[in-house]
Amino acid sequence: MRRPSTHDAIVIGGGPAGASAALALARRGWAVAIVEKSAFPRRKVCGEYMSASNLALLDRLGISDAWRAEAGPEIRRVGLFSGDTRIEAPMPGACAGPVARDGFGRALGRDILDTLLLDAARSAGAEVFQPCRAVAIERDGDRQAVRIQAKGGSSGNEATILRAPVIVAAHGSWEPGPLPSQLGKVNRPSDLLGFKAHFTGSSLPPDLMPLLTFPGGYGGMVLADHGRMSISCCIRRDKLARLRGSLAREGGGQVSAAEAVEHHIMATCRGAREALEQARRDGPWLAAGPIRPGIRAGYEADIFRVGNAAGESHPIIAEGISMALQSGWLLALELGEAANGQGKLEAAGRRYEAAWRGLFSTRVHAADAIARLALGPGGAALIEAVVRNFPQTLTLGARLSGKTKAVPGLADARLAR
């Protein structure tokens, strides 16, 4: 076993939540380790849109110029593509203020965004272990010991032990594992499975981000970087099984889950079909899940949680990246107030949980209500009827989802770069 390393904080997961927390802490002078299981760049199942309320935070994290240079066009309209219906409304702009340099959000592929953030954390002094996976955590006096292994290695391979008083779980919620903060996986017919693909040559208007509704699921489309149009969606497990069975009977052979999803969207959603009519898929479909929406403990069993590990909204509101970045920043603010005593860490955990709920609980509950309506019997038709008669409902929904809500703590000079 290799010689132990010691840090002030160990962050498990190098996506937007983990990298933003590590970057903010490293800029404060903390010795931070990041354990990321995947090699970057890598693609992820994600809608890739980020609302303008985050751009001042990117300024503070030091990647705003690179983000602006890479991201797709400003999204000034929100829409609904449902059946044969296409409805559009204005996207609400960002809150005014000295930190708001941009009025509207944009989309950037996770293969680019995550690399920007992790490289910035590394440049700020964070030590990055990649590709490595955390395989165990246990208490070691006033610290915790995290055993990590190179990804792909067997259990007998040489391991590295990292020790720190602060452990940050930023590993998401989709994959089970041995850590106390990881969720178990139990398959249910009602599970929502996520899919995502890039297309080039799409006719989707560059400033429009529509919500897609179709039987058994929902999704979204947005023009991201380098002419790539990103389409991401969720579909119920039982609906997907029936679709695959039906297509197999019609074609005389098995079809993949992704093929069934694409066929279903094209057959039932005119707006998506027209946007993709002349488009070409750029790379394979990706799949992940099941999605586990809900609010979880932000601090439990001596572990702080950020991103989807802390709580997950239905992606129907396109706020996943926002919640990841902002939760990492919120945690760094609270940890900045805590010394390395257990009692003070617990107090920081309680403050962080309260701040997390204050910033995110409304959008989590709003997303749950909208998703339940969209997925329920007759729900999509009801949404379509309401939006057709009151298009401003789309603008209101974007506002309720948090797209104009300012990120707290940006004026805190102690976390300035």
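Predicted, not measured: the structure shown is a model, and the values here were computed from it. (Residues numbered from 1 in each chain as written. Predicted model: local features only at pLDDT ≥ 70, side-chain atom pairs only at ≥ 80, totals over all residues. Heavy atoms only, no water.)

## Topic: the overall build of the protein
Move 1: What the protein contains, in helices and strands, is eleven helices and 22 strands.
Move 2: Relative to a compact globule of 417 residues, whose C-alpha radius of gyration would be 22 Å, the protein shows 21 Å and is just as compact.
Move 3: With the C-alpha coordinates of the protein rotated into their principal frame, the extents come out at 60 × 55 × 35 Å.
Move 4: Taking all 417 residues of the protein together, 55% fall into the buried category.
Move 5: Within the protein, contacts between residues separated by at least 24 positions form 72% of all contacts whose residues are at least 6 apart in sequence. (Helix = DSSP H or I, 4+ residues; strand = E, 2+ residues; numbered from the N terminus. Rg over C-alpha atoms; globule rule 2.2 N^0.38 Å. Buried < 20%, exposed > 50% of the residue type's maximum accessible area, 1.4 Å probe, protein only. Contact = heavy atoms within 4.5 Å.)

## Observations regarding the packing of aromatic side chains
Move 1: The final tally for this structure, using the stated rule, is three aromatic pairs.
Move 2: Geometrically, the ring pair formed by Tyr299 and Phe304 is tilted, given 4.4 Å between the ring centres and 40° between the ring planes. In this pair, the class of Tyr299 matches that of Phe304, namely buried.
Move 3: Their ring planes at 65° and their centres at 4.9 Å tell us that Trp356 and Phe360 sit as a pair that is edge-to-face. (Phe/Tyr/Trp six-rings, centres within 6.5 Å; stacked < 30°, edge-to-face > 60°.)

## A look at the environment of Phe195
Move 1: With respect to the helices, strands and loops of the structure, Phe195 is situated in strand S13 (residues 192–200).
Move 2: According to the relative accessible area criterion, Phe195 is buried, its value standing at 3%.

## Brief notes about unusual backbone geometry
Move 1: For the bond from Gln130 to Pro131, the omega torsion is -10°, close enough to zero to count as cis.
Move 2: Within the secondary structure layout, Pro131 lies in the loop between strand S8 (127–129) and strand S9 (132–140).
Move 3: Between Gly289 and Pro290 the backbone carries a cis peptide bond, its omega angle lying at 5°.
Move 4: You can see Pro290 is positioned in the loop between strand S18 (286–288) and strand S19 (294–295).
Move 5: Even without glycine at this site, Glu48 takes up a positive phi of about 75°.
Move 6: Mapped onto the elements of the fold, Glu48 is located in the loop between strand S3 (32–35) and strand S4 (49–50).
Move 7: Its identity is not glycine, yet Ala318 carries a phi of approximately 55°, on the positive side.
Move 8: With respect to the helices and strands, the residue Ala318 is situated in the loop between strand S22 (311–312) and helix H8 (320–335).

## As for a nonpolar patch on the surface
Move 1: Taken together, the side chains of Leu373, Leu382, Val386 and Phe390 present a nonpolar region at the surface, about 340 Å² in accessible area.
Move 2: Summarising the element assignment, Phe390 is placed in the loop between helix H10 (379–389) and helix H11 (392–400).
Move 3: With relative accessibility at 48%, the residue Phe390 sits in the partly exposed group. (Patch = residues over 30% accessible without salt bridge, like charges linked within 9 Å, V, L, I, M, F, W, Y side chains within 5 Å. Areas by Shrake-Rupley, 256 points an atom, 1.4 Å probe, with all protein chains shown as cover. Salt bridge = Lys/Arg side-chain N within 4 Å of Asp/Glu carboxyl O.)

## Details of the sheet that holds strand S12 (residues 166–169)
Through backbone hydrogen bonds, the strands of a sheet pair up, either in parallel or in antiparallel fashion.
Move 1: Ordered in space as S8-S3-S2-S12-S21-S20, the six strands form an open sheet in which the pairing is mixed. Lying at the two open borders of the sheet, with one neighbouring strand each, are S8 and strand S20 (299–300).
Move 2: Examined bridge by bridge, S20 and strand S21 (residues 303–305) share two bridges and lie antiparallel to one another. Considered in S21, the bridge of Glu300 is made with Ile303. (Pairing = 2+ DSSP bridges.)

## Things to note about the environment of Gly378
Move 1: For Gly378, the location among the structural elements is in the loop between helix H9 (342–375) and H10.
Move 2: Given a relative accessible area of 52%, Gly378 falls into the exposed group.
Move 3: C-alpha of Gly378 to C-alpha of Arg188: the two residues are 190 residues apart in sequence and 22 Å apart in space.

## Observations concerning the packing of helix H1 (residues 16–27) against helix H4 (residues 110–123)
Move 1: Where H1 contacts H4, the axes come no closer than 8 Å and their chain directions differ by 20°. It follows that H1 is roughly parallel to H4 by the angle criterion. At the point where H1 passes H4, the crossing takes the left-handed sense. For the pair formed by H1 and H4, the contact residues are Pro16, Ala19 and Leu23 on the first element and Arg110, Leu113, Asp114, Leu117, Leu118, Ala120 and Ala121 on the second.
Move 2: When the residues that make up the contact of H1 with H4 are grouped by side-chain class, the tally is eight nonpolar, no polar and two charged. (Axes fitted to C-alpha atoms, helices over the stretch in contact; angles between N-to-C directions. Parallel < 35°, antiparallel > 145°, perpendicular 65-115°, else oblique. Left-handed = near helix turned anticlockwise from the far one by under 90°. Nonpolar A, V, L, I, M, F, W, Y, C, P; charged D, E, K, R; others polar.)

## Some details on the pairing of strand S11 (residues 160–164)
Move 1: Most of S11 sits out of view: four of its five residues are buried.
Move 2: Of the strand pairs in this sheet, strand S10 (residues 143–150) and S11 are connected by five bridges, and their pairing is antiparallel. When the bridges of S11 are listed, Ile148 appears paired with Thr160.

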